[in-house]
Amino acid sequence: MSRGPELIITEKDNAARRIADILSGESAAADRMNDVNVYEWGGKRCIGLSGHVVGVDFPAEYNDWRDVEPVELIDAPVTKTPTQEGIVAALRRLARNASRVVIATDYDREGELIGKEAYELVREVNEDVPVDRVRFSSITENEVQEAFANPDDLDFELAAAGEARQTIDLTWGAALTRFLSLSARQLGDDFISVGRVQGPTLKLIVDREREIQAFDPESYWELTGELAKSSGDPFEARYFYLNDEGNERERVWDEAVADTLTEALAAADGATVDDVTRRTQTDDPPTPFNTTAFIRAAGSLGYSAQRAMSLAEDLYTAGYVTYPRTDNTVYPEDLEPEELIADLGDSPTFGEDAASLLDEDRDIEPTEGDEETTDHPPIHPTGELPAAADLSDDEWEVYELIVRRFFATCADPATWERLRVVALANGEATPIAERADGLAALRDAEDAAKPADLTADGGLRLKANGKRLLEAGYHEVYPYRSSDERIVPDVEVGETLALSGRTTEAKETQPPRRYGQSRLIEEMEKRQLGTKATRHRTIEKLYDRNYVESDPPRPTRLAEAVVEAAEEFADRIVSEEMTAQLEEDMAAIAAGEKAYDEVTEASRELLSRVFDDLTDSREAVGDHLQTSLKADKTLGPCPECGSDLLVRKSRQGSYFVGCDGYPDCEYTLPLPSTGKPLLLDETCEEHDLRHVKMLAGRKTFVHGCPQCKADEADEQEDEVIGVCPDCGEGAASPRDGDGETADAGGELAIKRLRSGSRLVGCTRYPDCDYSLPLPRRGEIEVTDERCEEHDLPHLRIHSGDEPWELGCPICNYREFTARQEGSELQAVEGIGEKTAAKLKNAGVDGVDELKSADPDDLAADVDGVGADTVRDWQAKAD
DNA sequence: GCAAGGTC
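The shown structure was predicted, so the numbers you read here are calculated from the model rather than taken from an experiment.

For chain A, the helix and strand inventory stands at 26 helices and 32 strands. Taken over 878 residues, chain A has a buried fraction of 46%. At a minimum sequence separation of 6, the contacts of chain A that also span at least 24 residues come to 67%. Carbon and sulfur atoms form 42% of the exposed surface of chain A, whose accessible area is close to 44,000 Å².

Moving on, we come to the sheet that holds strand β10 (residues 235-239). An order of β9-β10-β15-β14-β13-β16 is seen for the six strands of this closed barrel, with the pairing classed as antiparallel. Between one strand and the next, the sheet's axes are offset by a mean angle of 35 degrees, whatever the strand orientation. Relative to strand β16 (residues 496-508), strand β9 (residues 219-228) is paired through nine bridges, and the arrangement is antiparallel. Within β16, the position partnered with Leu-223 by the bridge is Thr-504. Contacts from helix α7 (residues 255-267) reach β9, β10, β14 (414-425), β15 (461-471) and β16, with the element oriented near 15 degrees to β9.

As a further point, take the packing of helix α8 (residues 291-299) against helix α15 (residues 517-526). α15 packs onto α8 with a crossing angle of 165 degrees between their chain directions and a minimal axis gap of 9 Å. One finds that α8 runs roughly antiparallel with respect to α15. With respect to the hand of their crossing, α8 and α15 are arranged in left-handed fashion. Contacts between α8 and α15 involve Thr-292, Ile-295, Arg-296 and Gly-299 on the former and, on the latter, Ser-518, Ile-521, Glu-522 and Glu-525. Residue classes in the contact of α8 with α15 are distributed as two nonpolar, three polar and three charged.

All right, on to the pattern of salt bridges then. For the structure shown, the criterion picks out 51 salt bridges. Of the charged contacts in the structure, one is a salt bridge between Lys-44 and Glu-6, with a shortest N-O distance of 4.0 Å. With Lys-44 in strand β4 (residues 44-48) and Glu-6 in strand β1 (residues 6-10), this pair connects stretches of sequence that are 38 residues apart. Residue class for Lys-44 comes out partly exposed when judged on its relative accessible area of 28%. For the salt bridge of Glu-567 with Arg-210, the shortest nitrogen-to-oxygen distance reads 3.0 Å.

Strand order in this open sheet of four strands is β19-β20-β21-β22, and the pairing throughout is antiparallel. For this open sheet the edge positions go to β19 (634-637) and β22 (668-670), each flanked by a neighbour on one side alone. Strand after strand, the sheet turns through a mean of 30 degrees between neighbouring axes, direction not considered. Inspection of the sheet shows strand β21 (residues 655-659) paired to β22 by three bridges, in the antiparallel sense. Paired with Phe-656 across the bridge in β22 is Pro-670.

Another aspect to go through is the protein's contact with DNA strand B. Taken together, 42 residues lie near DNA strand B, and Arg-178, Gly-188, Tyr-323, Arg-537 and Arg-545 sit nearest. Within 4 Å of the protein, atoms of DNA strand B come from sugar and phosphate in 57% of cases. Residue Arg-545 places a side-chain N or O atom 2.5 Å away from a phosphate oxygen belonging to DNA strand B. Taken together, the elements giving at least two residues each to the surface near DNA strand B come down to β5 (54-57), α5 (156-183), α9 (305-317) and α16 (535-544). Ranked by residue count, the leading element in the surface near DNA strand B is α5, at eight residues.

What follows concerns the side chain of Thr-292. Relative to the elements of secondary structure, Thr-292 occurs in helix α8. A polar side-chain atom of Thr-292 sits 3.2 Å from a polar atom in the side chain of Glu-525.

The next subject is the environment of Asn-465. With respect to the helices and strands, Asn-465 occurs in strand β15. For Asn-465, a relative accessible area of 32% corresponds to the partly exposed category. Taking the C-alpha atoms as reference, Asn-465 lies 8.9 Å from Val-422; in sequence the two are 43 residues apart. With near-sequence residues (within four places) excluded, Asn-465 lies in contact with Leu-419, Arg-420, Arg-486 and Val-488.

Below, the discussion takes up the side chain of His-380. Mapped onto the fold, His-380 is located in the loop between α11 (351-359) and α12 (393-409). Judged by relative accessible area, His-380 falls into the buried class, the value being 7%. The residues contacting His-380, other than those within four sequence positions of it, are Val-321, Thr-322, Tyr-331, Leu-335, Leu-340, Ile-402 and Phe-406.

Take the nonpolar core next. Counting residues in hydrophobic clusters, the biggest one holds 101 residues, and the most contacted among them are Leu-176, Phe-294, Tyr-399 and Phe-407. Looking at which element gives the most residues to this core, the answer is α5, with 11 residues. Judged by nonpolar contacts, the second largest core, of 27 residues, contains Trp-221, Leu-261, Ala-264 and Val-421.

For strand β13 (residues 270-283) and β16, the ladder comprises three bridges, and the chain directions are antiparallel. Bridging from a neighbouring strand, Gly-270 pairs with Ala-498 of β16.

The subject of this paragraph is the UniProt feature "site: Interaction with DNA" (unreviewed entry) in chain A. Those places that UniProt annotates as "site: Interaction with DNA" (unreviewed entry) correspond, in this numbering, to His-52, Arg-165, Asp-169, Arg-325 and Arg-545. Within the fold, His-52 resides in the loop between β4 and β5. On the basis of relative accessible area, His-52 is assigned to the partly exposed category, the value being 25%. Setting aside its immediate chain neighbours within four residues, His-52 contacts Thr-83, Gln-84, Glu-110, Leu-113, Ile-114, Glu-117 and Gln-166. Beyond its immediate chain neighbours, meaning those up to four positions away, Arg-325 contacts Thr-291, Met-309, Glu-313, Asp-375, His-376, Lys-532 and Ala-533. There is a polar contact of 2.7 Å between the side chain of Arg-325 and the side chain of Glu-313.

A few words now on the packing of α5 against helix α18 (residues 577-590). At a minimum axis separation of 7 Å, α5 and α18 run at an interaxial angle of 150 degrees. Here α18 runs roughly antiparallel to α5, going by the angle between their axes. Here α5 and α18 pass one another in a crossing that is right-handed. Residues Glu-157, Leu-158, Ala-160, Ala-161, Ala-164, Arg-165, Ile-168 and Trp-172 of α5 pack against Met-578, Leu-582, Met-586, Ile-589 and Ala-590 of α18. Looking at the contact of α5 with α18 residue by residue, the class counts come to 11 nonpolar, no polar and two charged.

Moving on to the packing of aromatic side chains. According to the stated counting rule, one finds 16 aromatic pairs in the structure shown. Aromatic side chains Tyr-320 and Tyr-399 sit 6.2 Å apart centroid to centroid with 65 degrees between the ring planes, which places their arrangement in the edge-to-face category. Remark: Tyr-399 occurs in helix α12 and Tyr-320 occurs in the loop between α9 and α10 (337-344); sequence separation between them is 79 residues. Looking at Tyr-320, the relative accessible area reads 11%, which means it is buried. Judged by centre distance (5.8 Å) and plane angle (75 degrees), the ring pair of Tyr-331 and Phe-406 falls under edge-to-face. Residue Tyr-331 is located in the loop between α9 and α10, and its partner Phe-406 is located in helix α12; the two are separated by 75 residues in the primary sequence. Grouping aromatic residues by their ring pairs yields a cluster made of Tyr-320, Tyr-331, Phe-350, Trp-396, Tyr-399, Phe-406 and Phe-407. The residue whose ring lies beneath Arg-251 is Tyr-220, and the NZ or CZ to ring-centre distance is 4.2 Å. Positioned over the ring face of Trp-416 is Lys-467, at 4.6 Å from the centre of the ring.

Between its terminal C-alpha atoms α9 stretches 18 Å, which fits the 18 Å expected from 13 residues at 1.5 Å a residue. Listed as buried for α9 are Ala-305, Ala-308, Met-309, Leu-311, Ala-312, Leu-315 and Tyr-316. Along the long axis of α9, the arc covered by the buried residues comes to 165 degrees, so they all point the same way. Within two residues after α9, Gly-319 carries a phi angle of roughly 90 degrees, on the positive side.

About the thresholds
Residues numbered from 1 in each chain as written. Chains lettered and ligands numbered in written order. Predicted model: local features only at pLDDT ≥ 70, side-chain atom pairs only at ≥ 80, totals over all residues. Heavy atoms only, no water. Helix = DSSP H or I, 4+ residues; strand = E, 2+ residues; numbered from the N terminus. Buried < 20%, exposed > 50% of the residue type's maximum accessible area, 1.4 Å probe, protein only. Contact = heavy atoms within 4.5 Å. Areas by Shrake-Rupley, 256 points an atom, 1.4 Å probe, with all protein chains shown as cover. Pairing = 2+ DSSP bridges. Axes fitted to C-alpha atoms, helices over the stretch in contact; angles between N-to-C directions. Parallel < 35°, antiparallel > 145°, perpendicular 65-115°, else oblique. Left-handed = near helix turned anticlockwise from the far one by under 90°. Nonpolar A, V, L, I, M, F, W, Y, C, P; charged D, E, K, R; others polar. Salt bridge = Lys/Arg side-chain N within 4 Å of Asp/Glu carboxyl O. Near = heavy atom within 4 Å. Polar contact = N/O pair within 3.5 Å; in protein donor to acceptor, adjacent residues only side chain to side chain. Core = buried A, V, L, I, M, F, W, Y, C linked by side-chain atoms within 4.5 Å. UniProt positions renumbered as here; feature names shortened; annotations may be inferred. Phe/Tyr/Trp six-rings, centres within 6.5 Å; stacked < 30°, edge-to-face > 60°. Lys NZ or Arg CZ within 6 Å of the ring centre and 35° of its normal. Expected span 1.5 Å × (residues − 1). Arc of directions from axis to C-beta.

Have a look at this one:
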């Protein structure tokens, strides 16, 4: 047997480094191999992978979408190939002479699969080396030592469960994605995708939109009044009644009833306290952060799911917080909250709060959530303190959130005093039912939502709910949850209160709200769609595929069409059932009750049946998708030919409005150069075109009707700034030879083109085509300063916060072209900006001159450059 | 170029 070192393999570099530190007592030395860290100490070496270093795919002959029928993918072989070549090569090299291999990947299903992938790479180069598996759910001294003292075997069945998922996801996803894309002739970047996770997620969004569309608002009324003690602030109280089931209701669904109640309330001049209830309520501190809870909390601070995760990853990489992708909501046993709080207390920001937590005369027992898993600890600060200056504002805000959440989980519950007061409006002796014509009849006809008894006690009931914070508890350290009080004064039964400020508000029931990103992630988690590491990315993917727009995400017509097509022919791909079934099958494989082949074969069989139906409807599906795609891009009628005006993308990647009748109709309108256009439902009354919003992150703005904008631009007159150097007064030689003289007097003007771009051009265009470019963005200001050489005013550009000086447009253009020539040299490997400038000083302006120069002469003229270097450049420039 | 899952 080989006597080489022992090799430990982890899932990521970060874990490798920390495990090496623990096992070596911080004596491990880091070395680089193929850009990968290898930690080495006393006969052991440790390498971190980067998650999956091999990926599943079809063999190359299936690559061309047009050469392969999507249905062929169902039974196509699925192969594994290295995706991280450097890491795989390093792993093979290290494994070759290893005397023992220990797999120390994450303690979850995917970690087992990643471990098995590493195992297979090891076996390729070393058939005999013993391979062990260690499992730990947090990288702490105790857990790691314990795990390495009791090694186990790889669980090949658990890994096979993961492989079944890979195969099923690939075959269903690829076959159906290609089918939809081909049927709608959407190839290239604009393919139409579906998958086990993105499908049901998209359906959640589309279903919610359908509910909103179908929503029929109902009117109702709410009555309030203000009550007050003789000397005291008024407090709001709301009318309520008991329905037939005896439940309290505030909404009055009938206008006649509301009118009668309003009258009765107006007639009352006071109210008598009928009931007072006091109770204390405990408000428990929040549970530790897992990924979903973190995304939600960051979402309420205004961060998108994607942004929140990216910031948390930065904080993790910098060592300030623990691993941000976790399902766990229970801190590990060996976490020492007191120590951690004390460490964080060294920060000026957290010092006081830390002290108050430690000061309390009690044991700190952190809260626990329902979810306890083996993958990683909940997200918490590591105790390593960043200086506020080390972090961006956003990073700091998220870091503070994580610290305060940790504090909150170690803090006391808050307690509230709840006070409920019910008062009867007085001054109304007559039962209301007798005053209101036909009210009794109304009551009989209405359903259970109507007032059962408006007047049981000879008056209207009003209620007020007050809350007062008795013990702030965790709110002291965690200000992200509301601790607002609602003050209702102490009153006694029988006490008379003044009644004023009566209002009757007419309201309507509201449709359900769209899912925000964090709500969507919560819904996905509830349905087991995706994982902690992928849910936010799935949402991002829906944006990329033009399935949703704006925030909260709204589905496009394309998304509706995809969901409709799937519902009709491939319901599984948009149903959460597919994941539920897969989870069940994976559990069965992991338990040894089913085999990988059995599960994947059954899945392929199901997919075949889906394709039986689908293939016949290829054209219908394709047409429907294409119609929807067009609807997403249609603004309204073309003023020249009546066809549809569509948002289009130029070859350069910029957006513009063009006619569907092209090439017969060449009508176009410009769109702003920043952002991605989103068509709003709002339509321009004059041109019947949908308004356009430009989505550009924080710089998002509403452009409005593109026709109106183009008309406005047309109305702006050219602004003359000087004389044309080519054909203007005193020009050395008029350009055109048709007898025109310099006296024709061409002038230079700032011109605004319909495309939205601007330039300095000659007023005699097209007879004279002298022109100078201007920046695309910003307002152009013509200043009083003048260029003496060219007799033109200096220009100033207003864009962003600070205006900048463009100066004389001719000088500016000369500098620009000079820089361009400099950069031509920079295209040669080894020549940077400074060297290019030096070469230029030596008279070498372009690549051609460089190639024709004598190496020795040139080297003599340029500081720090030898003749061999010049020859080297000349060789590379060829 | 397809999925979903790791990681950066």
